[in-house]
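Topology and contacts: notes
The primary structure of each chain is shown beneath.
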Amino acid sequence: MIYVIDHNDSFTHNVVHQFSLFDKVHCDNYNQLNKKKLEEASVIIFSPGPGNPKNYPLTSKIYKQYKGKKKIIGICLGFQQILFSEGAKIIEQRKIYHGFQSNIKVISNHSLFKKGRIFKVGRYHSLKLKEPFKINNFEITMRCLESKVAMSFENYKDKIYGFQFHPESFLTINGNLLIKKILSA
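These lines cover the structure that appears in this document, whether it is placed above or below. (Residues numbered from 1 in each chain as written. Predicted model: local features only at pLDDT ≥ 70, side-chain atom pairs only at ≥ 80, totals over all residues. Heavy atoms only, no water.)

1. With respect to the overall build of the protein
Here is the rule we go by: Numbering goes from the N terminus for both helices and strands, where a helix is a DSSP run of H or I of at least four residues and a strand is a run of E of at least two. It is over C-alpha atoms that the radius of gyration is taken, and the globule rule equals 2.2 Å times the number of residues to the power 0.38. To sort residues, take the accessible area from a 1.4 Å probe on protein chains only and compare it with the maximum for the residue type: under 20% means buried, over 50% means exposed, and anything in between is partly exposed. Whether two residues are in contact is decided by their heavy atoms, any of which lying within 4.5 Å being enough.
Counting its regular elements, the protein contains five helices and nine strands. The linear arrangement of helices and strands in the protein, starting from the amino end, is β-α-β-α-β-α-β-α-β-β-β-β-β-α. Rg of the C-alpha trace for the protein: 15 Å, near the compact-globule value of 16 Å for 185 residues, within the 12% margin. The buried share of the protein, taken over its 185 residues, is 54%. Long-range pairs, those at least 24 residues apart, make up 67% of the contacts in the protein between residues at least 6 apart in sequence.

Spelled out as structure tokens, the structure:
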């Protein structure tokens, strides 16, 4: 079962629908968690959401509690939330990407996806990871071709994955492939 933590975002139920193609999904608001369902889940997803990761201390607590014990996937704010929980800095971008389609490229030989592959993805974010970035076992695996902003990370050791973009967006081509690959990792 997949447990989605909703950060009050209009995209969350699109995430739920997309992931339900692959497994049973349960979704709760970040401040009304069902601890029994959370324990039962094999995968936890941190949804997109408004604001900054520092606005969601409970999500950081959940992350630290389950890191290395369950597969964790972060989407947009969830991507930022995981990195923030690891001590990374999340900062404002000069350009806001709300409803933009961008080309991103796989830059890592260690990624689940073939190095050099390009994906068209939907972006809805005003914040980004401040770089340089160095956290044990975390590797940036995709970047925007235009802005060079980090667009995904993978941590195989702890089974933690993040997308700065929205795989569930209609602007993302092959979003289901991305999700399927992460869930089967």
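2. Quick word on the side chain of Asn52
Within the secondary structure layout, Asn52 lies in the loop between strand 3 (43–46) and helix 3 (57–66). Aside from chain neighbours lying at most four places away, what touches Asn52 is Leu77 and Leu127.

3. With respect to helix 5 (residues 175–184)
Note the threshold: Think of it as the arc spanned by the lines of direction from the helix axis to the C-beta atoms.
Within the sequence span of helix 5, burial applies to Gly175, Leu178, Ile179 and Ile182. The buried residues of helix 5 occupy one face: seen down the axis, they fall within an arc of 95°. For helix 5, the exposed residues lying more than 90 degrees away from the buried face are Lys180 and Ser184.

4. What about the environment of Tyr63?
To keep it simple, the criterion reads: Here a polar contact means two N or O atoms within 3.5 Å. Within protein one must be a hydrogen donor candidate and the other an acceptor candidate, and residues neighboring in sequence count only if both atoms are side-chain atoms.
Relative to the helices and strands, Tyr63 resides in helix 3. Note: C-alpha distance between Tyr63 and Phe79 (16 residues apart in sequence) is 11 Å. Discounting chain neighbours no more than four positions away, the residues touching Tyr63 are Phe46, Ile72, Ile82, Ser85, Glu86, Phe138 and Ile160. A polar contact is formed between the side chain of Tyr63 and the side chain of Glu86, at a distance of 2.5 Å.

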